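Examining the three-dimensional arrangement
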Amino acid sequence: MTSARRLIVNADDFGRSTSINQAIIRAHREGVLTTASLMVNEPAFAEAVALARENPRLGTGLHLTFICGHSTLPREEITGLVSSAGAFDDNPTRVVFRYFFRRGLREQLLAEVHAQFQRFRATGLALDHVNGHLHLHLHPAVFSILMEDSVKLGIDRLRLTFDPFWLNVRLARGHWCYRGLHALIHHCLAANARPQLQRRGIRHTRFVFGLLQNARVDETYLGKLLSRLPVGDSELYSHPSLDEFKHELDALISPRVRAEIQAQGIQLIQYHDV
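As a starting point, this report considers the structure included with it. The structure displayed is predicted, hence computed values, not measured ones.

Observations concerning the pairing of strand E1 (residues 5–14)
Along E1, 10 of the 10 residues are buried, which leaves the element largely enclosed by surrounding structure. The pairing of E1 with strand E2 (residues 35–38) spans three bridges and is parallel. Counted as the bridge partner of Ala-11 is Ala-36 from E2. Following the backbone out of E1, through helix H1 (residues 18–30) and into the adjacent parallel E2, one traces a crossover that is right-handed.

Set out below in structure tokens:
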């Protein structure tokens, strides 16, 4: 068994705003960021695609969006999913229950999944990985579609969101209700998804860090994580921006973080290396 420790450093929400796009590119060029997940229906999508083309060493994946964002298809085709403005619901609890219990929405979800993949393919960018905004790609209604059509959609790398709770306890303090509840929910989702990914040969990292931090991936957290990073392949995801989450950008470009990665012998990789 290998003793190597390899880490994907990812940024979600690529394409959501210029502030996020510029932070992602800076974190890639000046820091440790190796991949980014693209939202194909948000205002700064075209800018993000242009930046990804200018930075071919940045692995770009698809950040499927079915909440807190906009659809690819017009409202007339997915009336059960979006508002008159083509926007998905912003309420996570409402969305989770609606997608689970309203089985009649499956065909609309299926159509929107394929439309978002098609829009990504139209960019000409190589698909490094697939995940979902607020991890909704693991919601049973969405995940079943992704698995049934995995070959047609070209899915061979996917985020299995499993942030180990007891290791996280040693890395950060506070926010116990949030961290405990999200750990429980995503451990259950991961348990459901893992054997299905294995049967289809879809690769994923062993662990995904960042979920239980909820936009608190700062330099202090990274320093603790890197010294305790488990053996094997892991992903750390973040939300760098020039304004709202500048502390996450600062962590990703920190010389101390880069030095710690080198000192720990951690190899930075992309999903296609998994």
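Concerning the packing of aromatic side chains
For the structure shown, the criterion picks out six aromatic pairs. With 6.0 Å between their ring centres and 25 degrees between their planes, Phe-162 and Phe-207 make a pair best called stacked. Taken together, the residues Phe-162 in the loop between helix H6 (150–153) and helix H7 (165–171) and Phe-207 in strand E5 (residues 207–209) connect sequence positions 45 residues apart. For the pair Phe-162 and Phe-207, one class covers both residues: buried. Ring geometry for Phe-165 and Trp-166: centres 5.0 Å apart, planes at 75 degrees, overall edge-to-face. Residue class for Phe-165 comes out buried when judged on its relative accessible area of 18%. Each member of the aromatic cluster is reached from another via a ring pair, and the members are Phe-97, Phe-100 and Phe-101. One Lys or Arg, Arg-103, reaches over the ring of Phe-100 and ends 5.5 Å from the middle of that ring. Seen from the ring of Trp-176, Arg-179 lies directly overhead, with NZ or CZ sitting 4.5 Å from the centre.

Remarks on helix H5 (residues 140–148)
When H5 is considered as a whole, its buried residues turn out to be Ala-141, Val-142, Phe-143, Ile-145, Leu-146 and Met-147. Of the surrounding secondary structure, the elements contacted by the buried residues of H5 are strand E3 (59–64), helix H3 (92–101), helix H4 (106–121), H6 and helix H8 (176–200).

Examining the pattern of salt bridges
With the rule as written, the count across this model stands at 11 salt bridges. Arg-94 is paired through a salt bridge with Asp-89; the nearest N and O atoms lie 2.6 Å apart. We classify Asp-89 as buried; its relative accessible area is 14%. With a shortest N-O distance of 2.6 Å, Arg-106 and Glu-148 are connected by a salt bridge. Of this pair, Arg-106 sits in helix H4 while Glu-148 sits in helix H5, and the two are 42 residues apart along the sequence. By relative accessible area, which is 30% here, Arg-106 ends up partly exposed. Exposure remark for Glu-148: the relative accessible area of 53% places this residue in the exposed category.

Focus on the packing of H1 against helix H2 (residues 45–54)
Direction vectors running N to C along H1 and H2 enclose 10 degrees, while the axes themselves pass 10 Å from each other. Here H1 lies roughly parallel to H2, going by the angle between them. Where H1 crosses over H2, the handedness of that crossing is right-handed. Contacts from Thr-18, Asn-21, Gln-22, Ile-25 and Arg-29 of H1 reach H2 at Glu-47, Ala-48, Leu-51 and Glu-54. Here the residues of the contact of H1 with H2 sort into three nonpolar, three polar and three charged.

Comments concerning helix H9 (residues 219–228)
Among all positions of H9, only Tyr-221, Leu-222, Leu-225 and Leu-226 are buried. The arc enclosing the buried residues of H9, seen along the axis, measures out at 125 degrees, which places them on a common side. Where H9 is buried, its residues meet E1, H7, E5, strand E6 (232–238), helix H10 (246–252) and helix H11 (255–264).

Focus on the packing of H4 against H5
Contact geometry for H4 and H5: axes closest at 10 Å, N-to-C directions at 55 degrees. Considering the angle they form, H4 stands oblique to H5. Here H4 and H5 pass one another in a crossing that is right-handed. Judged by residue contacts, Arg-106, Leu-109, Leu-110, Val-113 and Phe-117 of H4 engage Ala-141, Ser-144, Ile-145, Leu-146 and Glu-148 from H5. The residue inventory of the contact of H4 with H5, partitioned by class, reads seven nonpolar, one polar and two charged.

Thoughts on the environment of Arg-121
Tracing the chain through its elements places Arg-121 in helix H4. In the structure, Arg-121 is positioned 32 residues away from Leu-153 in sequence and 9.7 Å away in space, judged by C-alpha atoms. Excluding residues within four positions of it along the chain, Arg-121 makes contact with His-114, Lys-152 and Leu-153.

Parameters at a glance
Residues numbered from 1 in each chain as written. Predicted model: local features only at pLDDT ≥ 70, side-chain atom pairs only at ≥ 80, totals over all residues. Heavy atoms only, no water. Buried < 20%, exposed > 50% of the residue type's maximum accessible area, 1.4 Å probe, protein only. Helix = DSSP H or I, 4+ residues; strand = E, 2+ residues; numbered from the N terminus. Pairing = 2+ DSSP bridges. Right-handed = clockwise from strand over helix to strand, strands pointing away. Phe/Tyr/Trp six-rings, centres within 6.5 Å; stacked < 30°, edge-to-face > 60°. Lys NZ or Arg CZ within 6 Å of the ring centre and 35° of its normal. Contact = heavy atoms within 4.5 Å. Salt bridge = Lys/Arg side-chain N within 4 Å of Asp/Glu carboxyl O. Axes fitted to C-alpha atoms, helices over the stretch in contact; angles between N-to-C directions. Parallel < 35°, antiparallel > 145°, perpendicular 65-115°, else oblique. Left-handed = near helix turned anticlockwise from the far one by under 90°. Nonpolar A, V, L, I, M, F, W, Y, C, P; charged D, E, K, R; others polar. Arc of directions from axis to C-beta.

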